[in-house]
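Each chain, letter by letter, is given below.
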Amino acid sequence: MPNWINVEGNDNAQLMLVGEAPGKHEDENGIPFCGPSGELVNEMLREVGTSRNSVYVTNVVKLRPPDNDISRLNELGKKISDFEPILWNEIATIQPNAILALGDTALKTLTGKTGITKYRGSILTSNLGYPKVIPTFHPANLLGHHGEGMFKWRAKVTITLDFKRAREQSEFKEFCLPKRTLWICKDSLSLLRYLERNRDYESFTVDIETFKAMPLCIGLSFHKGEAVSVPLLDFPHDGKGTSYDELAHIWKLI
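Residues numbered from 1 in each chain as written. Predicted model: local features only at pLDDT ≥ 70, side-chain atom pairs only at ≥ 80, totals over all residues. Heavy atoms only, no water.

S.K.: Provide a residue-level description of the overall build of the protein chain, including the pertinent values.
M.R.: Counting its secondary structure elements, the protein chain contains eight helices and ten strands. Taking the principal axes of its C-alpha atoms as reference, the protein chain extends roughly 70 × 35 × 35 Å. Among the 254 residues that make up the protein chain, the fraction classed as buried is 41%. Across the protein chain, the fraction of contacts at a sequence separation of at least 24, relative to all contacts at a separation of at least 6, is 62%. As displayed, the protein chain offers around 14200 Å² of accessible surface, 52% of which is attributable to carbon and sulfur atoms. Charge separation in the protein chain, taken as the distance between the mean sites of 30 positive and 32 negative side-chain charges, equals 3 Å. (Helix = DSSP H or I, 4+ residues; strand = E, 2+ residues; numbered from the N terminus. Buried < 20%, exposed > 50% of the residue type's maximum accessible area, 1.4 Å probe, protein only. Contact = heavy atoms within 4.5 Å. Areas by Shrake-Rupley, 256 points an atom, 1.4 Å probe, with all protein chains shown as cover. Lys, Arg positive; Asp, Glu negative; His and termini not counted. Charge placed at Lys NZ, Arg CZ, Asp CG, Glu CD.)

Here it is, written out as structure tokens:
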């Protein structure tokens, strides 16, 4: 039977980190998030302006599953739901302003939602309505098999941004989503007006969605308060879509 891994951190922490379950290094050392993945967590906490000593760190499951495979937890005579009351008691005791949910197991346990790729970076309410939950990929995914090897630098940037959002959200209790205007532009006049009113910005963000190398749409944003998605191949059909003439004007403006 693997060791029971206790929590670690500041009992007055405003930010709580919740992972899936202990791994090999955690089982050997008796503390959560140690070894290579723990070093990554510590590094990213420093990068976003906080530290391991300032947060509270725990896992949904307190025992290492066989071969780090959470689906094999039943081999220990346990299931995830056995550990949920313990986690919620931790949350009630610490009362953090925000929780950084590391991985899909933590996301599902805390919010009932699944799909870490879909929800990562979002500001969500927990199953109990408090505290806020910001999900992200588990840092162990940046490493090779079982948390060893080279990590993916590109993914690390994404996770670090989620760490930053969680740290910022931990500074207050209120659930306040960022106010943003997101809209779809299907005519050249609206696109022209959008570009004109943002012409004084020196830079912008662009994202192009493609299918088999064909550009389907382009997203533009000059600031975090507004973004527009512009269909590029929205051909007219049955009275719907954008006319060929309008598409031509849109392409010229882009």
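S.K.: An account of the side chain of E26 is needed here, citing residue identities and associated values.
M.R.: Within the secondary structure layout, E26 lies in helix α1 (residues 24–29). Among buried charged residues, E26 stands out as having no salt bridge; its nearest opposite-charge side chain is R64, 7.2 Å away. Engagement of the side chain of E26 in a polar contact is seen with the backbone nitrogen of G23, the distance being 3.0 Å. What E26 contacts, discounting residues up to four positions off in sequence, is I5, I31, P32, F33, C34 and S37. (Salt bridge = Lys/Arg side-chain N within 4 Å of Asp/Glu carboxyl O. Polar contact = N/O pair within 3.5 Å; in protein donor to acceptor, adjacent residues only side chain to side chain.)

S.K.: An account of the packing of helix α3 (residues 80–94) against helix α4 (residues 104–111) is requested, with residue identities and associated values reported.
M.R.: Angle between the axes and distance between the axes are the two parameters that describe a pair of packed helices. For the pair α3 and α4, interaxial distance at closest approach is 11 Å and the crossing angle is 70°. Between α3 and α4, the angle is such that the two are roughly perpendicular. Along the contact surface, α3 presents I80, E84, L87, W88 and I91, while α4 presents T105, T109 and L110. Among the residues forming the contact of α3 with α4, the class breakdown is five nonpolar, two polar and one charged. (Axes fitted to C-alpha atoms, helices over the stretch in contact; angles between N-to-C directions. Parallel < 35°, antiparallel > 145°, perpendicular 65-115°, else oblique. Nonpolar A, V, L, I, M, F, W, Y, C, P; charged D, E, K, R; others polar.)

S.K.: A description of the sheet that holds strand β4 (residues 98–102) should follow, citing residues and the corresponding values.
M.R.: Strand order in this open sheet of six strands is β1-β3-β2-β4-β6-β5, and the pairing throughout is mixed. Bordering the open sheet on either side are β1 (8–9) and β5 (124–125), each of which pairs with just one other strand. Relative to strand β3 (residues 56–59), β1 is paired through two bridges, and the arrangement is antiparallel. Paired with G9 across the strands is Y56, a residue of β3. Contacts between α4 and the sheet are confined to β2 (15–19), β4, β5 and β6 (132–136), with β4 contributing the most and set at about 140° to the helix. (Pairing = 2+ DSSP bridges.)

S.K.: Kindly report on the pairing of strand β10 (residues 226–231), identifying the contributing residues and their values.
M.R.: As defined by bridge partners, strand β7 (residues 181–184) adjoins β10 across four bridges and the pair is classed as parallel. Its bridge partner being in β10, I184 is matched across the sheet by S229. Across five bridges, strand β9 (residues 214–223) lies against β10 in antiparallel orientation. Each residue of the ladder has a partner; that of G219, found in β10, is S229.

S.K.: Residues and numbers for the pattern of salt bridges, please.
M.R.: One pass over the structure, following the stated rule, counts eleven salt bridges. Residue E8 pairs with R52 through a salt bridge whose shortest N-O separation is 2.7 Å. Taken together, the positions of E8 in strand β1 and R52 in the loop between α2 (35–47) and β3 put the pair 44 residues apart, joining distant regions of the chain. The exposure class assigned to E8 is partly exposed, which follows from its relative accessible area of 28%. Its salt-bridge partner being K156, residue E43 comes within 3.1 Å of it at the nearest N-O pair. With a gap of 113 residues between them, E43 in helix α2 and K156 in helix α6 (residues 153–169) connect regions that are remote in the sequence. Judged by its relative accessible area of 6%, K156 is buried.

From the geometry alone we can't say anything about function, so treat these as descriptive.
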